[in-house]
Amino acid sequence: MIFELDNVELYFKNKRILNGIYLKAETGKVTAILGKNGCGKSSLLNIAFGNLKPKYKLIRLNNKPLLKPLYLTGFVKYLPQNNFIPDGMKLAFVFKTYNLNWNTFIENFEPFSVYKNSKFKTLSGGERRVIDTYIILKTKSEIVILDEPFSHLAPIHIETVKQLISVEKKYKVIIISDHMYQHIIDSSDTLYLLKNGTTKKIENLTELEDYKYLSEGSL
Amino acid sequence: MHRFLAILAFYKLFVVWSFIVTAIIGFFNPYLAPAITTKLFLTIFAWYYVSETPIKRKLIFYKNLGITPFKLFSIMFLVDCFLTIIFLTVFKEFT
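What counts, and at which threshold
- Residues numbered from 1 in each chain as written.
- Chains lettered and ligands numbered in written order.
- Predicted model: local features only at pLDDT ≥ 70, side-chain atom pairs only at ≥ 80, totals over all residues.
- Helix = DSSP H or I, 4+ residues; strand = E, 2+ residues; numbered from the N terminus.
- Buried ≥ 20, exposed ≤ 12 C-beta atoms within 10 Å, placed from the backbone.
- Contact = placed C-beta atoms within 7 Å.
- Nonpolar A, V, L, I, M, F, W, Y, C, P; charged D, E, K, R; others polar.
- pLDDT = per-residue confidence, 0-100.
- Pairing = 2+ DSSP bridges.
- Axes fitted to C-alpha atoms, helices over the stretch in contact; angles between N-to-C directions.

(A) The arrangement of the overall build of chain B in detail. Scanning chain B from terminus to terminus reveals four helices and zero strands. Ordered by position from the N terminus, the helices and strands of chain B form the series α-α-α-α. When burial is assessed residue by residue, chain B has 19% of its 95 residues classed as buried. For chain B, contacts bridging at least 24 residues in sequence account for 79% of all contacts bridging at least 6.

(B) View of the environment of A:Leu72. Along the chain, the position of A:Leu72 falls in the loop between strand E5 (64-66) and strand E6 (76-79). With sequence-adjacent residues up to four places away left out, A:Leu72 is seen in contact with A:Gly50 and B:Thr68.

(C) Molecular detail of the interface of chain B and chain A. Taken together, the 13 residues of chain B in the interface contact 16 residues of chain A. Elements with a contribution of two residues or more to the side of chain B that touches chain A: helix H1 (2-28) and helix H3 (59-63) of chain B. Tallying contributions element by element places H1(B) first for the side of chain B that touches chain A, with four residues. Looking at the side of chain B that touches chain A residue by residue, the classes come out as five nonpolar, four polar and four charged.

(D) Spatial organisation of the confidence of the model for chain B. Per-residue confidence for chain B averages 90 on the pLDDT scale, and 99% of its residues sit at or above 70. Both confidence scores are given for the complex: pTM 0.91, ipTM 0.90.

(E) Summary view of the sheet that holds E5(A). Residues and elements named next belong to chain A. Within the open sheet, the four strands sit side by side as E2-E1-E4-E5. Their pairing is antiparallel. Because the sheet does not close on itself, it has two edges, and the strands there are strand E2 (15-26) and E5. Each strand axis lies, on average, 20 degrees off the axis of its neighbour in the sheet, ignoring direction. Where helix H1 (residues 41-49) meets the sheet, it contacts strand E1 (2-12), E2 and strand E4 (56-61), and its direction lies at approximately 120 degrees from that of E1.

Below, the structure written as structure tokens:
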């Protein structure tokens, strides 16, 4: 599948946040969006999912324009910045609702085995993020949108999530954004930098320094 | 089935308020048509309230399951009507 997001123009009141956006992502590749705080990365991902309505946008799936919100197609799963699982739900119930196998999850995240019948709110912030990210990555879909999947995660879990991403990208379009740029660079095949409301495709990592996203010598 | 139970979990946020409103309706005007009309307006208000406050983040759980806000609130309304009808019927039997 080829997913394209084009001509996005977003205003908050009279302030222009996004304009002249173009983003192309395809099955088999992880497409990453980098950018400073407040540059509009999360808004862009929300627009892609269909959760935020901009002034203009054009989404194409396999070169065909999509006129309804992407989530209505059933192709997409979206990990927002904040936890999306309701606090009072038990993990076993959430896994059943998303058609996921708890035992398969435990193979990757053994310390979580005691939480099967725990409510989501009883987990720590990092543990909740692991569950959120796993559910979005592993649920059947064709497009996965991940907004800050590495935030709050312990290093060992970051590595596991990176492995999961590399497995899932074989079957899915994966679009990812995070401030932990080193992990993003490791995991992604295509990089875009969001700056001044527009996307710039990064062909060479040194461009991240040229565009002042990274300080000189960071790479 | 699990999706329906997940929708009921969302309804749980509103069930106490709904019960209070039903009890007030039952006390002053225990007829079905005005009760259901009131519940319809309250469901629309709840939808507006959720859409305009940070609670709207909770909708992403349902959107990821392919459940639109319209479907979510419609099912909530039907469940609420069912409970309201039962409550008012029982209430009238004892008054």
